[in-house]
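A structural walkthrough
Each chain is listed here by its residues.
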Amino acid sequence: MSHNAESTAFRSALEVIRAVEPRVADAIGAELTDQRESLKLIASENYASPATLLAMGNWFSDKYAEGTVGRRFYAGCQNVDTVEALAAEHARELFGAAHAYVQPHSGIDANLVAFWAVLADRVESPALKKAQVRQVNDLSEADWFALRRELGNQRMLGMSLDAGGHLTHGFRPNISGKMFDQRSYGTDPATGLIDYDRVAEAAREFKPLILVGGYSAYPRKVNFRILREIADSVGATFMVDMAHFAGLVAGKVFTGDFDPVPHAHIVTTTTHKSLRGPRGGMVLCQPELADQVDRGCPMVLGGPLPHVMAAKAVALAEARRPDFADYAQRIVDNAQALAEGLLRRGAKLVTGGTDNHLVLIDVSGYGLTGRQAEQALLDSGIVTNRNSVPQDPNGAWYTSGIRIGTPALTTRGLGTAEMDQTAELIHTVLTQTTAGANADGTPSKAKYTLDADLADKIARQATDLLAPYPLYPAIDLA
Ligand SMILES: *Cc1c(COP(=O)(O)O)cnc(C)c1O
């Protein structure tokens, strides 16, 4: 494909937009400039391919397509059927899954679909039994009321937030925290690793309906075979949320015990993190759950987004190519080089390293809170996010950690040598930043000082580091 095609496509698109609302065209252009210039270490972000981006910008967005392939509540869905079926087929082949549901609009939505599917399928509901129906739509008012009470009473066991779990795994800011009676498993305070014996013990005591595996901020691989055994031993459904590491599963870095798909009853994911697709979600499941999963829209989802399903089909096709496996391996090589570089310079890392795409720096070693470190790094042109560490003394707002990840920089082409230089930049900023004090002299968790000239110098070095690896090299909007 000619490089010109990509430039022409995006330039023309912006010209068309500019004729209507120039400020939007300008913002889209400015976003490309900003993304090109920033050293993006946000573990949950990536850069989708031009083909994936372009698949989203068209008239598929105009179509309503409630229902599933071949069974729509709207006429004229033949072309939506084509792309939805393609996306699902690519997903099944890529992950070796029996069933794939590609309609969820995001990772949170995918989890809601999964929770509903498990609840509807698994709840040993007297209300359902009495009514002798499997379809909740057929319940009488009274039975429906009884079922609602039972559903809200189910138990979920998932990873604790400060150990790296996600809000949607039964925590209060998300509706899962209201739907489920939640208990969490943490990590071993000495090693920072999941202690599977403790998980088994918690499962035996708590008897969850759903055991959740998966995380947003745990830098190690997880043994899903053992978690499945634990789930089986208490009759729980085993769900894995692979939102963060789906790209490593797709790229066959995580195989065997570390591949969730053969072990879990149901797997949810985003498509825009390490998987490098459009912003969206997806559910993979075993055949027994397929029926309930396919009820996602309108049970918990708004109408499907055909333009995003088209983009999912494109991105999943890309992920099936051999070079994606190479990409996935380079993500991990880079994360390990970054971890090594930081450790060698004296940083304290949660679990002492990484097996995946992310590294969690415990910045208390630098005398800083996560919030101070995040801001000082941002002043220096390095984009990260603060994150709790296990047993975090600073809570979920200020935190004591910085989470960094390599999927985005790896997409640009940076390698292990650049990761060592990145470690140097991060370490320099964090050692040169000092925690500030409140007016009354007590230590502040937010204020800090960092010499502005040093911050500028680091920002220039970060830009230099990126210069040989332009983002979207074929796209020239000038
Ligand atoms: C990012 C993430 C989500 C949420 O994804 P959205 O697309 O932002 O809704 C859910 N679960 C985990 C584990 C995540 O990391």
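Now for a quick tour of the structure. What you are looking at is a predicted structure, and each value in this text was computed from that prediction instead of being measured. (Residues numbered from 1 in each chain as written. Predicted model: local features only at pLDDT ≥ 70, side-chain atom pairs only at ≥ 80, totals over all residues. Heavy atoms only, no water.)

Strand order across the open sheet formed by three strands is S11-S14-S13, with antiparallel pairing between neighbours. Looking at strand neighbours, the two that pair on one side only are strand S11 (358–362) and strand S13 (385–387), the edges of this open sheet. Sheet twist, expressed as the average angle between the axes of neighbouring strands with direction ignored, equals 35°. Where S13 lies against strand S14 (residues 401–405), three bridges are found, and the strand directions are antiparallel. What sits directly across from asparagine 385, in S14, is arginine 403. Against the sheet, helix H15 (residues 322–344) engages S11 and S14, with an angle of about 20° to S11. (Pairing = 2+ DSSP bridges. Helix = DSSP H or I, 4+ residues; strand = E, 2+ residues; numbered from the N terminus. Axes fitted to C-alpha atoms, helices over the stretch in contact; angles between N-to-C directions. Contact = heavy atoms within 4.5 Å.)

The immediate surroundings of the ligand are formed by 13 residues, with Gly107, Ile108, Asp241, His244 and Lys273 found nearest. Histidine 166 has a polar side-chain atom sitting 3.4 Å from a nitrogen atom of the ligand. With the chains in place, 86% of the 380 Å² that the ligand exposes on its own is no longer accessible. Of the residues forming the shell around the ligand, the biggest block, three residues, is contributed by helix H5 (residues 107–122). Residue composition of the shell around the ligand, by class: three nonpolar, eight polar and two charged. (Near = heavy atom within 4 Å. Polar contact = N/O pair within 3.5 Å; in protein donor to acceptor, adjacent residues only side chain to side chain. Areas by Shrake-Rupley, 256 points an atom, 1.4 Å probe, with all protein chains shown as cover. Nonpolar A, V, L, I, M, F, W, Y, C, P; charged D, E, K, R; others polar.)

Moving on: the packing of helix H4 (residues 78–95) against helix H14 (residues 306–319). The interhelical angle for the contact between H4 and H14, taken along N-to-C directions, is 35°, at an axis separation of 8 Å. Here the hand of the crossing between H4 and H14 comes out left-handed. The residues of H14 that touch H4, namely those facing Val80, Val83, Glu84, Leu86, Ala87, His90, Ala91, Leu94 and Phe95, are Pro306, Met309, Ala310, Lys312, Ala313, Leu316, Ala317 and Ala319. For the contact of H4 with H14, the class distribution of residues is 14 nonpolar, one polar and two charged. (Left-handed = near helix turned anticlockwise from the far one by under 90°.)

This part is about the packing of helix H16 (residues 370–379) against helix H19 (residues 416–432). At a minimum axis separation of 10 Å, H16 and H19 run at an interaxial angle of 120°. Relative to H19, the element H16 lies oblique. Judged by the twist between their axes, the crossing of H16 over H19 is right-handed. In this structure, H16 uses Ala373, Ala376 and Leu377 to contact H19, whose residues at the interface are Ile426, Val429 and Leu430. Of the residues belonging to the contact of H16 with H19, the class tally is six nonpolar, no polar and no charged. (Parallel < 35°, antiparallel > 145°, perpendicular 65-115°, else oblique.)

It is worth spelling out the pairing of strand S16 (residues 443–449) at this point. Of the pairings in the sheet, the one linking strand S15 (residues 434–437) to S16 comprises three bridges and is antiparallel in character. Of the residues in S16, the one forming a bridge with alanine 437 is proline 443. Here S15 hands over to S16 after five residues, with glycine 441 in that stretch at a positive phi of 90°.

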